[in-house]
Amino acid sequence: DQAYTSDVNGDIGRFRLFTEGDHLYEAMLSAIGAAQSSIRLETFIFAADEIGWQFAKALAAKATAGVDVRFHFDAYGSATGASTDLYQYMENAGVKLKWYHLWSWWQPTRYLRRNHRKLLVIDEQELFLGGSNIILENSLALSGEGRTRDTDVMVTGELARQAAQLFDWTWDQPEKAHKQARAVRAPERSGLYHNHMATLHALTIGRAARCVYVTGPYFCPGSRVERALRRSAQRGVDVRLLIPRNSDPHYVGWMTRSAYCS
């Protein structure tokens, strides 16, 4: 339940790991308050609860102060606990809002292509990235021991600049293929993304000398990553999975158990 901090040299810059939502939200709100020129926020769920309003007020204050604040959230995910008053409050303060793939009778299948990315980029210098949505269910203080636990990181340096570029591309051209996509920047909904990420994960796991620790809300690795995990364990690498006992939705939990129990 701690937030760990370490400093490394090079393009990655400073790195901080968060394993509790309360620590993450505190750091994100502090970074928003210190922003000088730009704030880019992207999330799947943004609820009109105590956590959501804390972020809405922080974003509104910076927009009122002249900071360029852009907020991109998934139309389906943010329907969870949504509030017109919350959105209107931010818009009135000058926050630029954009919904990812609103429902359309003309393009119903597009609605199934969701954007689950969660990131916050401050002044193109500081990046928060991970699995936590902006909702009180991620807060130990507000939801107790039954809260949703995710893992997130804060990094500075080149990755923050790349994340800002990715945000801008998704904001401006959500329907166009990225012609120069790389594994770290490929659009999440594309087949290219999934192929690159599977290759990257398998190669990284295959190079492990001592340990491979995997954590996430779901575990459906696919054959390539699963083979890499099995082979690493067979050659003596310490391979561990940290996943939820109960999954939402339940059928994903069944898929997860089939992956690690087979």
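Here the structure is a predicted model, which is why all the values come from computation and not from measurement.

*Asks:* Would you explain the pairing of strand β8 (residues 152–156) in this entry?
*Replies:* Successive residues of a regular strand alternate their side chains across the two faces of the sheet. Sheet analysis places strand β2 (residues 14–18) next to β8, joined by four bridges and oriented antiparallel. Directly across from Phe18, in β8, lies its bridge partner Asp152. As paired strands, strand β7 (residues 126–130) and β8 are joined by five bridges and run antiparallel to one another. Directly across from Glu126, in β8, lies its bridge partner Thr156.

*Asks:* Would you mind showing me how to read the environment of Met28 here?
*Replies:* Mapped onto the elements of the fold, Met28 is located in helix α1 (residues 21–34). Among the residues examined, Met28 registers a relative accessible area of 7% and is labelled buried. Residues Met28 and Leu127, 99 residues apart in the sequence, show an inter-C-alpha distance of 9.4 Å.

*Asks:* Quick question: what am I supposed to make of the packing of aromatic side chains here?
*Replies:* What describes a pair of aromatic rings is the distance from one ring centre to the other and the angle between the planes of the rings. Scanning the model with the defined rule gives seven aromatic pairs in all. Each ring, one from Trp53 and one from Tyr89, has its centre 5.4 Å from the other, and the planes form 65°; the classification is edge-to-face. Remark: Tyr89 occurs in helix α3 (residues 84–93) and Trp53 occurs in helix α2 (residues 50–64); sequence separation between them is 36 residues. Ring plane angle 20° and centroid distance 5.7 Å describe the contact between Phe167 and Trp171, whose orientation is recorded as stacked. Note that Phe167 and Trp171 are positioned in helix α5 (residues 158–172) at a spacing of four residues, about one turn of the helix. By relative accessible area, which is 0% here, Phe167 ends up buried.

*Asks:* Sorry if this is basic, but what is going on with α5 here?
*Replies:* In an α-helix, one full turn covers 3.6 residues, which means residues spaced three or four apart are oriented alike. Here α5 contains 15 residues, and its C-alpha end-to-end distance of 21 Å stays within 8% of the 21 Å for a straight helix at 1.5 Å per residue. Within α5, the full set of buried residues consists of Ala160, Gln162, Ala163, Ala164, Leu166, Phe167, Asp168, Trp169, Thr170 and Trp171. Each element contacted by the buried residues of α5 is listed here: β3 (38–43), β4 (68–74), β5 (96–100), β6 (119–122), β7 and β8.

Parameters at a glance
Residues numbered from 1 in each chain as written. Predicted model: local features only at pLDDT ≥ 70, side-chain atom pairs only at ≥ 80, totals over all residues. Heavy atoms only, no water. Pairing = 2+ DSSP bridges. Helix = DSSP H or I, 4+ residues; strand = E, 2+ residues; numbered from the N terminus. Buried < 20%, exposed > 50% of the residue type's maximum accessible area, 1.4 Å probe, protein only. Phe/Tyr/Trp six-rings, centres within 6.5 Å; stacked < 30°, edge-to-face > 60°. Expected span 1.5 Å × (residues − 1). Contact = heavy atoms within 4.5 Å.

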